[in-house]
Structures are given as C-alpha cells and as structure tokens.
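So you can see what is in the structure, the chains are spelled out below.
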Amino acid sequence: MAKRASTDSPAARAVALRRLLNHHNYRYHVLDTPEIPDAEYDRLFDELASLESEHPQLVTADSPTQRVGAEPLAQFDTVVHTVPMLSLDKTTDEKGVADWMARCRSRLDGADVEFTCEPKIDGVAVALLYEAGRLVLAATRGDGQRGEDITANVRTIKSVPLLIEADDVPARFEVRGEVYMARRDFESFNERARENGGKPLINPRNGAAGSLRQLDPRLTAERPLTMFCYSLGWTEGEWQPQTHMEVMRRFERWQFRTNPEVRLVRNESECMAYLEALAARRDSLGYDIDGAVIKVNALAQQAELGAVTRKPRWALAFKYPAEEATTVVNDVEFQVGRTGAITPVARLDPVFVGGVTVSNATLHNMDEIGRLDLHIGDTVMVRRAGDVIPQVVSVVADKRPKGAEAVALPEACPVCGSPVVRPEDEAVARCSGGANVCAAQRKEGLRHFASRLALDIEGLGDKIIDALVERDLVRIPADIFRLDHDTLANLPRMAAKSADNLLAAIERSRNTTLPRLIYALGIREVGEATALALAQHFGTVDNLRSASEEALIDVPDVGPIVARRIREYFEVEENVAALVALVESGVAYEPIEVVVGERPLQGQTWVLTGTLESLTRNDAKARLTALGAKVAGSVSKKTSQVVAGPGAGSKLEKATELSIPVMDEAAFVRFLEAHE
Ligand code: IVH
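Just so it is clear, the model here is predicted, and its values are computed rather than measured. (Residues numbered from 1 in each chain as written. Predicted model: local features only at pLDDT ≥ 70, side-chain atom pairs only at ≥ 80, totals over all residues. Heavy atoms only, no water.)

Trainee: Is there a simple way to explain the overall build of the protein chain in this structure?
Mentor: Summing up its helical and strand segments, the protein chain has 26 helices and 26 strands in all. Taken against the 2.2 N^0.38 rule, which gives 26 Å for 676 residues, the C-alpha radius of gyration of the protein chain at 29 Å falls within 12% of a compact globule. Considered along the principal axes of its C-alpha atoms, the protein chain spans approximately 85 × 65 × 50 Å. Looking at the 676 residues of the protein chain, the share that counts as buried comes to 49%. Sequence separation of 24 or more characterises 67% of the internal contacts of the protein chain that already satisfy a separation of 6 or more. (Helix = DSSP H or I, 4+ residues; strand = E, 2+ residues; numbered from the N terminus. Rg over C-alpha atoms; globule rule 2.2 N^0.38 Å. Buried < 20%, exposed > 50% of the residue type's maximum accessible area, 1.4 Å probe, protein only. Contact = heavy atoms within 4.5 Å.)

Trainee: I'm lost on the pattern of salt bridges in this one. Help?
Mentor: Pairs can form between side chains of opposite charge whenever their charged atoms are close. The final tally for this structure, using the stated rule, is 49 salt bridges. Salt-bridge contacts for Arg567 lead to Glu571; the nearest nitrogen and oxygen are separated by 3.9 Å. Here Glu571 and Arg567 lie together in helix 22 (residues 560-571), a separation of four residues that amounts to about one turn. Residue Arg567 is classed as buried on the basis of its relative accessible area, which comes to 15%. Given a relative accessible area of 53%, Glu571 falls into the exposed group. Several salt bridges converge on common partners, so that one network encompasses Glu426, Arg430, Arg524, Glu549, Arg564, Arg565, Arg567, Glu568 and Glu571. (Salt bridge = Lys/Arg side-chain N within 4 Å of Asp/Glu carboxyl O.)

Trainee: Honestly, helix 24 (residues 617-626) in this entry has me stumped. Any pointers?
Mentor: Given 3.6 residues per turn, any residue in an α-helix points the same way as the ones three and four places further on. For helix 24, the complete set of buried residues consists of Ala620, Leu624 and Thr625. Summarising the axial view, the buried residues of helix 24 lie within an arc of 130 degrees, below the 170-degree limit, and thus occupy one face. One or two positions beyond helix 24, positive phi appears at Gly628, with a value near 105 degrees. (Arc of directions from axis to C-beta.)

Trainee: I would appreciate a short explanation of the pairing of strand 16 (residues 356-362) in the present structure.
Mentor: Consecutive residues of a regular strand have side chains that alternate between opposite faces of the sheet. Across six bridges, the pairing between strand 15 (residues 341-353) and strand 16 is antiparallel. Within strand 16, the residue paired with Val345 across the bridge is Thr362. (Pairing = 2+ DSSP bridges.)

Trainee: Whenever I open this one, the nonpolar core confuses me. Can you help?
Mentor: Where a protein is soluble and globular, its nonpolar side chains tend to be buried together. Counting residues in each nonpolar core, the largest one holds 54 residues, and the members touching the most others are Ile457, Leu460, Ile480, Leu534, Leu552, Ile566 and Phe570. Leu460 has contacts with Ala450, Ile465, Leu468, Ile480 and Leu502, leaving out every residue within four places of it along the chain. In terms of nonpolar packing, the next biggest core, distinct from the first, is built from 36 residues, Phe76, Leu135, Val179 and Met181 among them. (Core = buried A, V, L, I, M, F, W, Y, C linked by side-chain atoms within 4.5 Å.)

Trainee: Before we go on, may I ask you to explain the sheet that holds strand 8 (residues 226-236) in this structure?
Mentor: Adjacent strands of a sheet form backbone hydrogen bonds with each other and so pair up, either parallel or antiparallel. Taken in spatial order, the four strands line up as 5-4-7-8 in an open sheet, and their pairing is antiparallel. Since the sheet does not close on itself, it has two edges, and those belong to strand 5 (134-140) and strand 8, each with one partner. Put simply, the sheet's adjacent strands are angled 25 degrees from each other on average, direction ignored. Here six bridges tie strand 4 (residues 124-131) to strand 5, and the two strands are oriented antiparallel to one another. Looking across to strand 5, one finds that Tyr130 is bridged to Leu135. Running at roughly 45 degrees to strand 4, helix 6 (residues 204-212) makes contact with strand 4 and strand 7 (172-180) of the sheet. Where helix 8 (residues 244-253) meets the sheet, it contacts strand 7 and strand 8, and its direction lies at approximately 115 degrees from that of strand 8. (Axes fitted to C-alpha atoms, helices over the stretch in contact; angles between N-to-C directions.)

Trainee: Hey, could you run me through the site of the ligand in this one?
Mentor: Close to the ligand lie 14 residues; Glu118, Pro119, Ile121, Glu178 and Tyr230 are nearest. Ile121 has a polar backbone atom sitting 3.0 Å from a nitrogen atom of the ligand. Alone, the ligand offers 510 Å² of accessible surface; in the complex the protein occludes 88% of this. Listed by contribution, the elements that provide at least two residues to the shell around the ligand are strand 3 (115-121) and strand 10 (289-296). (Near = heavy atom within 4 Å. Polar contact = N/O pair within 3.5 Å; in protein donor to acceptor, adjacent residues only side chain to side chain. Areas by Shrake-Rupley, 256 points an atom, 1.4 Å probe, with all protein chains shown as cover.)

Trainee: What is the right way to read the sheet that holds strand 23 (residues 605-609) from this model?
Mentor: One open sheet holds the four strands; their spatial order is 24-23-25-26, and the pairing between them is parallel. With partners counted over all chains shown, the strands left at the sheet margins are strand 24 (630-632) and strand 26 (662-663), one partner each. Two strands pair when backbone bridges link them, and strand 23 and strand 24 are joined in this way by three bridges, in the parallel orientation. Across the sheet, residue Trp606 finds its bridge partner in strand 24, namely Val631.

These results come straight from atomic positions and should not be treated as a statement about function.
Structure, rendered in structure tokens:
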C-alpha cells in the first residue's frame, strides 16, 4: 500500500498514486472486480491530478490522468504495419471445419495439431505497439498494409494498459485485438440519444468504428469502448512464445483484457461442441460476435502453414447467422399501448436474422421514422441481437421504389377511431380515447393489472385478455373478480381444468399489497418504485386519492409531472368508479403505517447503475425510497449519490465528470445494513 501523502515527497507520492490507480483501473475495467468504491478511486485520482498540476514535471505519459485531454487532430497519420494485418478464411458448416483441419494436418506432414476456439468479436481490429513497456502507437487495420494512427483515441480506452510493469516485457512488441462496444453500453447510449434528440448509433460495431475515427479524443473518451486482445503481431526481444494459449496467458499477466471464452480443442468433435455451445450463448455474452475463430495453437505450426492471399492458413472463421439483414417494409402499423401511446411497427418481408425469422420490427416513435426517412416499400436494414426486440436501423435509400409513400401519423386511433394527439414537447403520440373508449388501451391496462409486479394473476395471459375484452366480458379490472367457471371454460382454448386454475389464481390475487395495487392502476409515470413510495407515504388508497398536487410532490420520487399525472388520473370519474368497484369486488390490502418525521435520505436523489448481485434493482430502489431518497434514472448535477455495480458505463462516467460521489455494491450493502 502507498504511504500517506504527508510523509512522501511529491515525486514518490505521484509514483505511488499512479501505481495504485493503474491497479484499480485494471481491477475495474479488465477483471470486472473492483476492490474499492468509485468514490475512493476518484479521490486518489483527484489527488494525483492536483499533485501533477502543482508539479507539472511529475506528469508522465502513462499517468491515468493522461488518458483524456489530448488536443484534436487535423487528420490521422498513416501507419505502415510491420507485419500485415490479415483477414480470415471462413466457413459456415461442419464440413468446412473438418476439411480445414484435415488440410492443416496434411500440410504439416500428418503431425498432431492442437487447435483453439474463441469468439469472433464484431468490432474494429486494432494493433498496439509497446516499447519498453509503454504504449507508443495504436493503429487501425486499414487495408492490412497501412492503417491510421489512432493512438490518442485508444489511450482513452481504460482496459488498454498505458504501461506494463513486468520484468519479462520484450523491448518492442505488438498486440492485436478487437475494440468494441458492449451491448448494454450501446443500448444506453442510444436510449440517451433518442431522449435528447441525438443521433442513435446503428450497431455496436459502427459505434466502435465511429468512436475510433473521432479527430477529437475527448469525444472518443465519452464513448464506452473496450478491447479484447487476441494475438501477438510480432515481438523483438527475449520472449519466444510457443503457443497461442501461452500468448493469452502472458497477455493476461501483463494486464491486457483477453476473452474468457478461449479454449483448447483437440479435434473436430470438441471443436463442433464448442461452436454449438457458444452459438447457444450468443445472446447472453453481452457483446456482438459474428462467429468463432479457430486457430492452430502451436506458433511454429502457424509459421509453417503461412498465409495465402492475405489470409492465414492457420486460422478459420466459423460464421454464425448475421444479426443484421436487409428486407422490405410492406407496411407500417400503429400499436396502441396502455396509456394510449402509439408505437409504429414495421411489417416486413420475413427475413432470417440473428437465428430467427423476423417479420415485425419496432420503429420507436414518429421522430425515429423522420430520422430514418422511412417510406412504405423501402428496403431497410434490420438488426436483431441479444434479447432486444428487432429494430429497423437504416434505410437503403437508393432502393426506394418510385412513388413510395412517406409514413404519416394517423389522425385517428387505428383501434377506436378517437383523435390521435401529440403534445409539441413529446416524442410520443397518443390515442385520446382512454380505456373507456379504446379496446386496445383496455387490453393493455388489464395486462398491466394482471402482470407480475402488479396483482400477479398467473394464467391470465394475452390471449385470454383479448378474448375477454373482445366479448366485452371484462371492461374494468373489477370485472375479473366477477368471472365464473362457465364463462372461463367457454373461452377458446380453455377447458374445465384451466378455468379452475385461473379462478384459483384470481382468488389468490384478491389479497394484495398497497404498492402492488397502486402500481396495478397503471397511472402514467407511476412505476413500481413510485408506487412503493406513494404507498409508504399515504398508507391507503383513499389517502392517495384525496392528496393534493402539493402533498404528492412531498413524496420522495415524485416530481411535478408525476404529481400532475396522479391528479389527472383521479380526476377522471371512470377511474375512480373502477377503483371503487375493485374494492367492492373484494380486493384487499393491509394498510401501511405511515412513517412520520424526517427520513435519513430525505431530499436526496440516488442513481443505480451497472448490475447488482446481492439484491435486485427493485429491492434496492425500494430500500432507498423507504429511507426517503428519490431514485432517478440518469445522473445530473442534482444527483446526491451513485451506486455503481460491474458493467456501469456512461452514468458512472457522467458521475465522475460531475464529481458526484459513487459507491460500489459492497459499500452500498454496508450502507443499507447500517440503516436497517
Ligand atoms: S485472429 C489473421 N481472433 O476478424 C487474422 N480475429 O475477418 C487473425 N476478429 O480483422 C485474426 N475476433 O478484426 C482473430 N478472436 C479473434 C477475432 C478476430 C474478431 C476479426 C479481426 C480480423 C477479422 C478477420
């Protein structure tokens, strides 16, 4: 551990701080297992930064403070690769793998050959040159012979070491790998872009490529990039590795990030098993892959096999189905949600993408249609990756048929015919009919009412709700509790047994909790966390119903907009009548004893980001709300505290930028324990 600042000379303290920060940076960005709360990291970082500003001669190129801040470039310089950066031969089937393995063996005169398998990352290939352990150059692949000097941008990637401190580092060597954007980071980047009227990224690969192409490194620094290192370009010095696996182990020791999925396989059947298992986990890896790379493990054998036409004979790409495909938009339909929100959905010529056949894709809202300039009949690029619903990402403009019609927002709701309205400051258009008039809103409202976090009526699924609403057997939630056996048993695809089960589930849901009931009402902007806060503040539905806007704003997690929505909800006579009917139908809850007096986090706003392992996000929110805090979705100057689990991205960066205190999960758990 570093000694305290007071006893160290500034120079010694700067060295110690750099070491410490580099270590914690590595724990966080490479191993994904931070040891200290972020606030502590920030404190150390600030200490180093102020030391360096007092003593500028102490600044070193590898200081963690030097990752950002380089001046914008006029253009990128060209870099000639010492050893060309090759591309890969590919196959899509088992025979291709078997033939390639057989060719490797026969070219090596029948020698034993071991292979490795690893994911083929869908990012941007980058070469890193290290001299005396320092990163001195980073370059793109370019045409394989010449790339571009993107050193200033790559320095901003926190998982790329600026300095390797080990006694076995060769004098000069080049590490190659793939820079990419994790899916979660990509999604949250786009979510923010859509909210702020910015331009969303098409896919994570474009996101990574575009970020590396910024002439201003400060822009690159704002993009959540990371890098997996997968091969040694060349080396000058002592180290003569024997195998690909040895290279990977050494990279890890030198604190590069390598892919944890790299495996040795001895034969075709082990290889196929790997490829199948990886394909099955493709959606859950957290980053885009377009296949796997199979390599000959022994580097001497690799050298002997050599390359032809810019492709090595010692490696083979096994391609998985593409996660993007082009198809034609035959129509755009408008779906109506619970609150009347109208979402445009593209009806597509069915297309095989990401391993499934897709015939619908979301278009989010009218702004998105405008941004895409979508016309009916357009050829579009569709993306389906991970568990995210298929999206239209771009229009192939030059394939537009003559006379194609632009997509316009309908003036009337496609379900009930009520006027569609779109407030000027909102991206979302809505059906003005309300649940009383619009069957689509009724159906969605009932789905919400029966959903897991609301009354949790098991077995009351989409099809049954559709049938009940279409037959006008259920109009308001209370009607659910008046259903009888015969009515249910006579619905399509229902029988005596399933009707019994559903009735029992309905019966069970009658005894609920106040937070669930408030959430179940489906008031706009009232999610589970707000419902919980309201329940704890008001204790009964009646108190909530009679609360004024001012009284509502007093509740943690409730701002003027939410307060307005709640009032609007209770001002609608039908809503109150439906609620009264619900209570009359026997739905009951234990009233909550209202907490009086000041709560410890009253007036504070907390933000949760990244993954939490020891409790769910809902629980975390509930605990914070109970202590009086508001829990917000984004970081701003008003944020009091950020809790960041592994995988935290832009919110964490924003917090650091605004000097907002950050704690990790361990610190958060200790905090909660202290406030039990
Ligand atoms: S090894 C001789 N390993 O695939 C090339 N490449 O189509 C050796 N790629 O430009 C490359 N993941 O950008 C290798 N685990 C991996 C990879 C990988 C992605 C990319 C790389 C290369 C392209 C070739």
